[in-house]
Amino acid sequence: MSAASTPNLSRLLAIMARLRDPARGCEWDCAQTFATIAPYTIEEAYEVDDAIARGDMAGLKEELGDLLLQVVFHARMAEELGLFSFDDVAAAISAKMEARHPHVFGPHVFGDESDQGHSREDRWESAKAAERSSKGATSAMDGVALALPALMRAEKLQKRAVRQGFDWPDPSGAASKVYEEIQELADASSDAERVAEAGDLLFAAVNLARKHGVAPEEALRQANAKFERRFRGMEQLAEGRFAQLTLDQQEELWQSVKASERGETA
């Protein structure tokens, strides 16, 4: 095993090696594979995001450790198969970051002739596109991870298409598409059609949000939080009888909660 740069990281790598030891390790850890660990990796990434959203810095430290453990776990399994080590992972990302920041680590300087007419995002995306091409990518859609949340993946696919010039010139075109998809969903005559048209509607809604400069994933998170907060408010007003109220009575409570939030929450 390659030596780590800090005692604590070396300790963590040694712990994982021991856990995976067939003779002296943990039965559960030894039984894991890339596929069985992947869901935990995704879960830990979300828990990092949750700690940040809550402003819980102590929690963030813990969650970052949990996420680091996932990286160490995957790297250890790869090392056992003779594929790569944790050190190789660190070396690869270091090389990638240096290559993507020539203005920091290389001779390129922002503002020179090669930069004219290009934003930082343009340069970043061009560098990533070149990396994908060097790995054999043949489509602008290549490399958009299937495991991403569907809303986030829709936005990424759309952004890839935009860089190829495939986009509405203004939000009105995207808005018209949303109305069109609403009607097509209403006209659907089978379960399969409704699923397809509902997907098209959601995809079109992502496009419209993007055209307005809104990150759909973040917007929906805020909407989820707002709905949950207001629903809890209705439950409190109903004093444990919410489910027994008529729909009109529930609507009155909804409007009451909304009214109480005006001037505080959009």
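Everything numeric in this text was worked out from a predicted model, so none of it was measured.

**Student:** Tell me about the layout of surface pockets, residues and numbers included.
**Tutor:** Its boundaries defined by the atoms lining it, the second largest pocket holds a volume of some 290 Å³. Lining of the second largest pocket is provided by 14 residues; of these, Gln158, Phe166, Trp168, Phe203 and Asn207 occupy positions nearest its centre. Mapped onto the lining of the second largest pocket, the elements with two or more residues apiece are α8 (150-162), α9 (171-187) and α10 (191-211). With 5 residues, the single largest contributor to the lining of the second largest pocket is α10. Counted by class, the lining of the second largest pocket contains 7 nonpolar, 2 polar and 5 charged residues.

**Student:** I'd like to hear about the packing of α8 against helix α11 (residues 216-238), residue by residue, with values.
**Tutor:** Geometry of a packed helix pair, given as the angle between the helix axes and the separation of the axes. In the contact formed by α8 and α11, the axes pass within 8 Å of each other and the chain directions differ by 150°. What the angle tells us is that α8 and α11 run roughly antiparallel. Of the residues in α11, those in contact with Leu151, Met152 and Glu155 of α8 are Pro216, Glu217 and Leu220. For the contact of α8 with α11, the class distribution of residues is 4 nonpolar, no polar and 2 charged.

**Student:** Give a detailed account of the nonpolar core, specifying residues and quantitative values.
**Tutor:** Leu9, Leu12, Leu13, Met16, Ile37, Val72, Phe73, Ala75, Met77 and Phe86 together form the largest nonpolar core, which totals 10 residues. Where this core is concerned, the elements lending two or more residues are α1 (7-19) and α4 (57-80). With near-sequence residues (within four places) excluded, Phe73 lies in contact with Met16, Arg20, Trp28, Asp29, Gln32 and Ile37. One finds Met234, Ala238, Trp254 and Val257 within the second-largest nonpolar core, a separate group that totals 7 residues.

**Student:** Could you give an account of the environment of Glu47, with specific residues and numbers?
**Tutor:** Mapped onto the elements, Glu47 comes out in helix α3 (residues 34-53). The exposure class assigned to Glu47 is partly exposed, which follows from its relative accessible area of 27%.

**Student:** Describe a nonpolar patch on the surface, with residues and values.
**Tutor:** On the surface, Phe34, Leu81, Leu83 and Phe84 cluster together into a nonpolar patch covering about 390 Å² of accessible area. By the element assignment, Leu83 lies in the loop between α4 and α5 (86-100).

**Student:** Before we move on, can you summarise the environment of Arg230 with the specific residues and values?
**Tutor:** Take Arg230: it is sitting in helix α11. It is 9.0 Å that separates the C-alpha atoms of Arg230 and Glu261, two residues lying 31 residues apart in sequence.

What counts as what
- Residues numbered from 1 in each chain as written.
- Predicted model: local features only at pLDDT ≥ 70, side-chain atom pairs only at ≥ 80, totals over all residues.
- Heavy atoms only, no water.
- 1 Å grid on protein atoms, 1.4 Å probe; cavity = no way out; pocket = protein on both sides within 12 Å on 5 of 7 lines; lining within 4 Å.
- Points joined across faces, edges and corners; volume = space filled by probe spheres on them.
- Helix = DSSP H or I, 4+ residues; strand = E, 2+ residues; numbered from the N terminus.
- Nonpolar A, V, L, I, M, F, W, Y, C, P; charged D, E, K, R; others polar.
- Axes fitted to C-alpha atoms, helices over the stretch in contact; angles between N-to-C directions.
- Parallel < 35°, antiparallel > 145°, perpendicular 65-115°, else oblique.
- Contact = heavy atoms within 4.5 Å.
- Core = buried A, V, L, I, M, F, W, Y, C linked by side-chain atoms within 4.5 Å.
- Buried < 20%, exposed > 50% of the residue type's maximum accessible area, 1.4 Å probe, protein only.
- Patch = residues over 30% accessible without salt bridge, like charges linked within 9 Å, V, L, I, M, F, W, Y side chains within 5 Å.
- Areas by Shrake-Rupley, 256 points an atom, 1.4 Å probe, with all protein chains shown as cover.
- Salt bridge = Lys/Arg side-chain N within 4 Å of Asp/Glu carboxyl O.

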